[in-house]
Each structure stands twice: as structure tokens, then as C-alpha cells.
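# Structural overview for review
Chain by chain, the residues:
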Amino acid sequence: MSVKRKGPRAALVRALTYVLLVAVAAIVIFPFVVAVATSTKNNQDIYNYPPTLIPRENQTVSASSVGVEGDPKPLYSFPDSDATYVLVDNDVSIAEFRRLGDLERVIRVDVTLGIKTGDTVEIDGEQEDVFVVELDGIAVQAYRSRLTSGGRFVNLDDPSDIRFELVNLAEPETQFGPRLSNFSEVLIDKELGRSLTNTILVTLAVVGGQILTSILGGYAFARIDFKGRNSIFLVYLGSVMVPFVVLIIPLFQLMLQVGWLDNLAALIIPFVFTAYGTFLMRQFFVGVPKEIEEAALLDNASRSTILWKIMVPLARPAIATLATFGFLYAWNSFFWPLVIINSGNPDGRVLSLALSTLGGRSSTDVNLVFAGAVVAMTPPILVFLFAQRYFVRNSASSGLK
Amino acid sequence: MATVVFNSVSKQYKGEGPLAVDALDLTIEDGEFMVLVGPSGCGKSTALRMIAGLEEVTSGDLSIGSKVVNDLPPGDRDIAMVFQNYALYPHMTVRDNIGFALKVAKRPKAEIKSRTEDAASMLGLTEYLDRLPKALSGGQRQRVAMGRAIVRNPQVFLMDEPLSNLDAKLRVQMRSEIIDIQKRLGTTMVYVTHDQVEAMTMGHRVAVMRLGLLQQVAPPQELYHQPANVFVAAFIGSPAMNLLSADLERDGDKLVASFDGHTITIDDRAVERYPDLPDHVGSPVILGLRPEHFAMDGDADLPDDQKLTLHVDLAEAMGAEVHIHSTVDLAPVELDGELVTADDGENGDSSVSGSKTKLIAKVDGIHTVRTGDETRLAVKTHLAHFFDPATGQPLR
């Protein structure tokens, strides 16, 4: 128990502690927030500058409200006007005119609305045709500086007010709008769903297998007296020291011999045996008072009853720890699948592989890459949240003095 | 219910070292409450665990009922055991803990329920049936462990220091409850303890062990009044018996014992109880005086030659009596090269220290004795015990 100190100095220290902790927490959590935010943005929003954390989409009105047919039309505004404009047609031919006598004044109109007078004028040493165009209801003389394509904007409140402007110079009217279809798109169109299924399958098999083999092995090493037990245990534990990179080539050869290349079995079978897990379970079982087992023996319980009805329920915290580590390892494993699974076989891909492929192939669709990342990182976070209460709880000794 | 018979049973751990139990011959009768007592390492727990089948018998025959059980696994012996730390299954409720053996035996659910509840009501656990062990107090856990044993209705109960984790008050209460339960069920009980008070109060008979050897098996009173050797004499009784290396001499027709300048005459009745005593005249003997064999001068009608004056190192007023601690300049009594000490429990090192021997006398509580006083005490030598210093055997 901690002793609570009082007084202004202690309060200040505590406040500073919290500020520091909150700051660090914010720094740690920020990438996750960015990932989640980006995963729900649409293709335009991801390139908006300055970037925002809240996904936004263009505001629209129905096409009929401006007297045309088709999809809902987006809303825009212009710096020189308070009115809201509807982009009715975003691909019209536009001519840019500059008024004679006031060359800074740019007049953009539909290309058909400029009427050639036949006169010419010299601008920067070149002969240009003179046109008559309408500016604020008055016909003025101008020359055509360029032809381009842009949008036809109609004032939402005044259908007679029509402007021809470049779309990228207009300011879109935006609102909160997450694009959740990113997820379905990445899962279905980008085939991440199959990879997700594979990963879940591989992870469940690896975690289940690890728990089973670790319980059996750990119990044997902890409680069954057989010849050479301690030396075998030392050798087994020593295998933890062998780095995985050393094993890649022999393991690959082995998989080749067994015929499991490009097969999920190669991602599962070699990993259901874990020296670390066996060690973890052994240490736990060694710590369970012998008397509990002896009491069960006197109750005429068999070895397997003792193991599954008494030791395993007691070992739940250790099993949860083991399961969490096994889960994270299997879920995040990248290099071995990369070696074993053919890059041309999307049906055998696991999530980590699919994500790296997605990052390469859809590098312009950052939102989709992030959606894939969010899909990949949600299950581990959930598993951790679920399992963490077991990390702190240890019920093994509570039935004793 | 069954008798338990040790027939020259020995136990050696890992096939080397001294025998933990050395050729134990002991018959525990059907329905008897037998207490195994001794200092730690005396082999009492090992003997118990051999009955349970948790330790293998190295040599000899161990039988329960009329069947030799040396090679029978623990579950097939029809015995139940209560452990010192209770060994409850922490993840199971009280109900499941008590009913576990019946469940393993695949008894019908209704039977498990009724037998569990019967055992629980016998122990006053009914309202705790659905709690986990961690939500129980020490005494309640102890009861659950008892319930787990009772529900089996076994041939033999084994208890391995079941009360040593309880506080003193609860220990006294559980002591009488265990006695009561054993009486009601009539089941053979083997009870291991290092606490000689438990041994004295609980057992029909008490087996005292030391270094793997059985010292004496007898009812508690006999153990106290006719110890089979100097170890039993020192171990049983609290405060422990005072053991003094005295020189035995003849003075006229009387025998006198002298030590550290004190000389006391030995009553003839003691010589009747220890007929070998006259043979040891002129040689040292171990004089055993229990604290209650002393009385304040005047309280007992004893001749002056049975009195001595002692310096009071410490006076403990207990209310009904006063314990007078004193010291005599005398090498403490040794047996097999070891100091003979009282039990390793709560009495502490009451008998010996260095080249001095401590002496404790118990006198009536009405007397006021102060630390530092000189006090004159009468010795009821007719009750004294005498042992051979070479063998530790009584001189009879």
C-alpha cells in the first residue's frame, strides 16, 4: 500500500506526474488514432491539406433541386462570394478571357459564349483575336488567353447565377463523413477477407496447439519423475536461445520434404511446440503446492483428472499469458509466411503478407492500406484487453493458508 | 474402519542417508485415536504419508484392515487425509471441494449433494457451501478440509498437523471438535503433531518418535507418569521436566542425590518405583523433576532434607501458579551426543544453555516471588524420575 502524502507540494508533484503520463499516452496513442481516422477517409480527403483527424466528405444536394438529372451534386463556394454553388457539370470546355485594358481580370465562360469581332490586338508581342464577352451583364472586349476544362457552377439560391470555374480552385463545402465502405472494399475487392480467415485459422491452431503441448510438457517436467528429466528440460530450454533465422533454411528443407510448401500447415505445425511456453507452464505447475495434488490422489483422482480438473483451472493466468504471446506471435508473423507462401497464391496468404502486398499495389489508396491495417490490429488489441485481467490475477495460492 | 499395522516398516529417502523411519512396529487399533508426536524430523509425518501411500515403504509391511497395502496406490486405500495447509482446491467452491472425491467416484448427483450437505452441516459449513476457499477464514478452511475427509466415510482418517496454522483460541476449539467428530464416527484416526499438548489431550494413545525410532506408545497419562526413557520424559509435559545430572550416594538407610552443592534425600517410595536405583550408588544418574514436583517451603509437609534454596532468575506469575526459573551450575544432560531438549514448539529452550542447566519450578499462585529473590523450595522426591545417563533408560 502506498502512503498518500498531502500538502500543496505533493499535489503539484501528482499533477505534474499526470501531465507527463497523459502526454506520453497521447504520443503513444496518436499513430493509432491517425490509422483509424485515415482508414475511414475517402480518396479526396486523404490528400487534403492541412490533414484532419476527422474524416470529411463533400456536401451534396439532389440533382433535381437545380433542375438537372443524375447523381447528387456537390456544393462549393468561392472566395469572392458568400453564395453556395452547385457543381452541375464538372467537365465543360471553358475559355479564359482577359479584358483588354485590365489584363489581370480573368473571365471564364463556356467556350461558345465568346464572340469573335475579327479585330486583333498585340499582347506580349503576339497577335491575339479580340472577342466580345459578357462580364457582370455588360459586353466587354477581351482576348482569349487559354482553353481548358472546368465545372459549371449554379448558385443554389439563384438558378440564373451560373459560373464557369476551375474545380480545383473552388472551395468544397464539406461535412463529417466517414467512408466505412473502405473496409468492405479492402476485405472483398482487395481479397483481405481470405487472408483474414487464413490468419485466424493459423492463429487459433497455433495458440491451441501451444497451450496443449505446453500444458502436457510443463506438467511432465514439473511433476512426473522420470529418468533424465532435468537434463532433457535443460536441453529443451536451451533451444530458446537458438535464433529463428538459423532455423529458416533447415525448416524450409523440412517443409519441402514433407510437401508443405505454399501450405498453411507449414505455418502451423512447426509452431505448436514452444520451449518458452513449456517453461512457463512448468514454472507455474512447480509453484502449485504438492499437497493439492496429493489430496486429489487420495480422492482417487487419476493423473489426467488431476491435470485437467485441478491443475489446468488453477493455471488459467499462466495459460492466458501463454495464449496472448502465442497469439501475437502467430498473428504478426511475417517473415516465415513470406518464405513459405508463394506470392502468386492469394488463397494461401496471411494478413501480414496481404498487407504488405496491399501497401505496394494500392499505394495511392492510403485509406485502403490503413483500413487493412486497422483490420489487422483490432483482434490483437481485443485479445490483449480481454487477457490482461489474467495477468494481474493469480488465484493459485488462495486456497492455502 | 480398520486397524493399521506397521510391521517393521522402514523408510529411506532416495535410497541413501539415514532412515527417516527405522523399523517401526506399531498397531493402531480399529476406531482408535492415535497421535504421532515428536520433534521435527522424527519421522512422524513420513509414517503418516506411508499410510496414505504418498511415500513408498522401503522395507517391512504396512497393512490397513488385514490387507498389506505397500503397493496399493493412495486412491485405492480408502483413507482420507487433512493436510497442514488444508490443500483445498482453490478454484472450487466449498461444495465442490467436499464433493470432489464422490464426483471422481462417479456417485449419483443426488447422493453427492446429500452427503456433501450432511458433512457440511456436521461442521457448520452449510451457509458457506457456495463460497470459494479464499473467501473463508482459516478455521473455516480447516473445516472444509475436514469435510472433504468426512464425506468419503473412509476406513482411516489421517491428519498432518491440521491445527498448526490456526491461532491459539481456534486451535483449542477445533481440538475438541476433532475429538468429538472422531468419537461420533468411530473411525480410526492417525494424527500427527509436534505439539505435545495436542498429543496429550487428543489421543487415546500417543506414539512418541525421535530420529525415526519409536520411543514409546502409551495412553497420555502413562506417557507422562511412566516415560519409557529420558527423551519421552523431557518431551512430554509443559514446562518440560527438569533433568539434572546428580550423584547418587547412600546416607544411612536413605539415598541422597547431590548436584551443584545441593543435596536432597530421596523418598523410599521413589526407590520402590525405581528398584534399580540402589545399584547406581556412587555413580551419576539423571534426576528428573517435573516443575510441579516442587512446592514452596511450607506448602508441602516434607522433611528439611528434601529442600533446597534457589536463586530466582525469573518469576512468571501465571495466576493459579508461579513459574520460578533458576539455574544450577551443571552440564546439561546429553543423549547420543545431543542435548536433550523439550519439544521444538512453544516451550522454548527451557532446559539447557551452555554449561548451566535451567530449572523451572511451579509453585502455588498465592505466593509472591520476585525476580532476584532467594527462595526455599521443597522437592517431592517420591515423584521423581531416574534415568541411566549412559542409555537414557529409566532405572527400573
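As the structure is a prediction and not an experimental result, all values here were calculated from the model. (Residues numbered from 1 in each chain as written. Chains lettered and ligands numbered in written order. Predicted model: local features only at pLDDT ≥ 70, side-chain atom pairs only at ≥ 80, totals over all residues. Heavy atoms only, no water.)

## Let's talk about the sheet that holds strand S7 (residues 156-160) of chain B
Residues and elements named next belong to chain B. In plain terms, the rule: Two strands make a pair as long as DSSP finds a minimum of two bridges between them. Where helices and strands are cited, they refer to DSSP runs of H or I of at least four residues and of E of at least two residues respectively, numbered from the N terminus. The angle between two axes is taken between their N-to-C directions and runs from 0 to 180 degrees, where each axis is a line fitted to C-alpha atoms and a helix contributes only its stretch in contact.
Overall, mixed pairing links the 6 strands, which are arranged S6-S7-S8-S3-S9-S10 in an open sheet. The outermost strands of the open sheet, each flanked by one partner alone, are strand S6 (79-82) and strand S10 (213-218). Pairwise comparison of adjacent strand axes, ignoring direction, gives a mean angle of 15° for this sheet. Relative to S7, S6 runs parallel, the two sharing 4 bridges. What sits directly across from Val82, in S7, is Met159.

## Describing the environment of Asn342 of chain A
Residue and element names in this part refer to chain A. The condition is simple: Here's how the labels work: a residue is buried when its accessible area is under 20% of the maximum for its type, exposed when over 50%, partly exposed in between, all with a 1.4 Å probe on protein chains only.
Along the polypeptide, Asn342 turns up in the loop between helix H11 (335-340) and helix H12 (351-361). You can call Asn342 partly exposed: its relative accessible area is 47%. Through-space distance from the C-alpha of Asn342 to that of Phe164 is 53 Å; in sequence the pair is 178 residues apart.

## A word on a nonpolar patch on the surface
Residue and element names in this part refer to chain A. The cut-off we apply is this: Like-charged residues within 9 Å of one another, or nonpolar side chains (Val, Leu, Ile, Met, Phe, Trp, Tyr) within 5 Å, are grouped into patches, provided each residue has over 30% relative accessible area and no salt bridge. Exposure was quantified through the Shrake-Rupley algorithm and a 1.4 Å probe, taking into account, for residues, occlusion by the shown protein chains and nothing else. Salt bridges are identified by distance alone: a Lys or Arg side-chain nitrogen within 4 Å of an Asp or Glu carboxyl oxygen.
Among the surface-exposed residues, Ile29, Phe30, Phe32, Val33, Leu53, Ile54, Phe176, Ile381, Leu382, Phe384 and Leu385 lie close enough to one another that they form a single nonpolar patch of about 1,000 Å² accessible area. Sorting the residues of the nonpolar patch by element identifies helix H1 (8-39) and helix H13 (366-392) as the ones contributing at least two each. Accessibility expressed as a relative area gives 40% for Leu53, which makes it partly exposed.

## Re the pairing of strand S1 (residues 4-11) of chain B
All names here are of chain B. Pairing of S1 with strand S4 (residues 59-64) involves 5 bridges; the strand directions are antiparallel. For Asn7, the partnering residue across the bridge sits in S4 and is Asp61. Across 5 bridges, S1 lies against strand S2 (residues 21-28) in antiparallel orientation. By the bridge assignment, Val5 is partnered in S2 with Thr27.

## A look at the interface of chain B and chain A
Test applied: Contact between two residues is taken to exist if any of their heavy atoms lie within 4.5 Å; hydrogens are not considered. As used here, buried area is the combined drop in accessible area, with a 1.4 Å probe, of two parts when they are placed together. N or O atoms within 3.5 Å of each other form a polar contact, as long as, within protein, one can give a hydrogen and the other can take it, and as long as residues adjacent in sequence are counted only when both atoms are side-chain atoms. The classification used treats Ala, Val, Leu, Ile, Met, Phe, Trp, Tyr, Cys and Pro as nonpolar, Asp, Glu, Lys and Arg as charged, and all other residues, Gly among them, as polar.
Listed per partner, the contact involves 25 residues of chain B and 22 residues of chain A. Each partner contributes to the roughly 2,100 Å² buried at the junction of chain B and chain A, and carbon and sulfur atoms together form 63% of this total. Considering only the surface of chain B that becomes buried against chain A, Asn85, Pro90 and His91 of chain B emerge as the three largest contributors, covering 26% of it. If you look at where chain B meets chain A, you find 2 salt bridges. One salt bridge in this structure joins Glu294 of chain A and Arg49 of chain B, with 2.6 Å as the shortest N-O distance. Seen at the junction of chain B and chain A, the total is 8 residue pairs in polar contact (both at pLDDT 80 or more). Take the side of chain B that touches chain A: its biggest share by element is 3 residues, from helix H2 (residues 94-104) of chain B. Tallied by class, residues from the side of chain B that touches chain A come to 15 nonpolar, 4 polar and 6 charged.

## Focus: the domain arrangement of chain A
Quick note on the threshold: For the purposes of this description, domain bounds are those given by an automatic or database domain assignment.
Here chain A is described as being made up of domain 1 (58-176) and domain 2 (183-396). One C-alpha centre belongs to domain 1 of chain A, the other to domain 2 of chain A; they are set 63 Å apart.

## Focus: the environment of Val106 of chain A
Residues and elements named next belong to chain A. Within the secondary structure, Val106 sits in strand S5 (residues 102-110). For the pair Val106 and Pro379, spaced 273 residues apart in sequence, the C-alpha to C-alpha distance is 56 Å. Beyond its immediate chain neighbours, meaning those up to four positions away, Val106 contacts Glu96, Phe97 and Arg98.

## With respect to the confidence of the model for chain A
To keep it simple, the criterion reads: What pLDDT conveys is the predictor's confidence in a given residue, as a value from 0 to 100.
When pLDDT is averaged along chain A, the result is 86; 96% of the residues meet or exceed 70. Low confidence marks residues 394-401 of chain A, where pLDDT is under 50. Its contacts with residues over four positions away, or in another chain, come to 25 contacts.

## Let's talk about the nonpolar core
For the record, the criterion: Nonpolar cores are built from buried Ala, Val, Leu, Ile, Met, Phe, Trp, Tyr and Cys residues. Side-chain atoms within 4.5 Å join them into one set.
Formed by 69 residues in total, the largest nonpolar core has its most connected members in Phe285 of chain A together with Phe6, Leu62 and Leu158 of chain B. Here the element with the most residues in this core is helix H3 (residues 192-223) of chain A; it accounts for 7 residues. Not counting residues within four places of it along the chain, the set of residues in contact with Phe285 of chain A comprises Ile215, Gly218, Tyr219, Ala222, Arg223, Leu307, Met311 and Ala315 of chain A.

## Quick word on the pattern of salt bridges
Under the definition given, this model contains 28 salt bridges over all chains. Of the charged contacts, one joins Glu111 of chain B and Arg107 of chain B as a salt bridge, the two residues approaching to 3.2 Å between their closest N and O atoms. A salt bridge links Glu117 of chain B to Lys113 of chain B, with the nearest nitrogen and oxygen atoms 3.0 Å apart. Here Glu117 of chain B and its partner Lys113 of chain B are both found in helix H3 (residues 109-122), 4 residues apart, which amounts to about one turn of the helix. Here the salt bridges share partners, and the residues they tie into one network are Asp80, Glu96, Arg108, Arg146, Arg163 and Glu165 of chain A.

## Comments concerning the pairing of S4 of chain B
In the case of a regular strand, side chains alternate between the two sheet surfaces. Alignment of S4 of chain B against strand S5 (residues 67-68) of chain B, held across 2 bridges, turns out to be antiparallel. In the strand pairing of S5 of chain B, Ser63 of chain B is matched with Val68 of chain B.

## Some remarks on the environment of Val57 of chain B
All names here are of chain B. Position of Val57 relative to the elements: it lies in the loop between helix H1 (44-52) and S4. The class for Val57 is buried, based on a relative accessible area of 16%. Sequence separation between Val57 and Ala47 is 10 residues; the distance between their C-alpha atoms is 9.2 Å. Ignoring any residue separated from it by four or fewer positions in sequence, one finds Val57 in contact with Val9, Ser10, Met50, Leu62 and Asn70.

## Re unusual backbone geometry
Residue and element names in this part refer to chain B. Following Ser238, the chain continues into Pro239 via a peptide bond in cis, with omega recorded as -5°. On the secondary structure map, Pro239 appears in the loop between helix H8 (230-235) and strand S11 (242-251). Positioned with a positive phi, Asp78 is a non-glycine residue whose angle comes to about 55°. Examined against the element boundaries, Asp78 turns out to sit in the loop between S5 and S6.

## What to know about the packing of H3 of chain A against helix H4 (residues 229-238) of chain A
Residue and element names in this part refer to chain A. Applied cut-off: Angles are sorted into four bins: roughly parallel if under 35 degrees, roughly antiparallel if over 145, roughly perpendicular if 65 to 115, and oblique for all others. Crossing handedness is defined as follows: a turn of the near helix away from the far one that is anticlockwise and smaller than a right angle gives a left-handed crossing, while the clockwise case is right-handed.
Relative orientation of the contacting elements H3 and H4 amounts to 140°, with a least axis distance of 9 Å. Our classification of the angle between H3 and H4 gives oblique. For the element pair H3 and H4, the recorded crossing hand is left-handed. Residue-level inspection shows Ala220, Phe221, Ala222 and Arg223 of H3 in contact with H4, the latter providing Arg229, Ile232, Phe233 and Tyr236. A class-by-class count of the residues in the contact of H3 with H4 yields 6 nonpolar, no polar and 2 charged.

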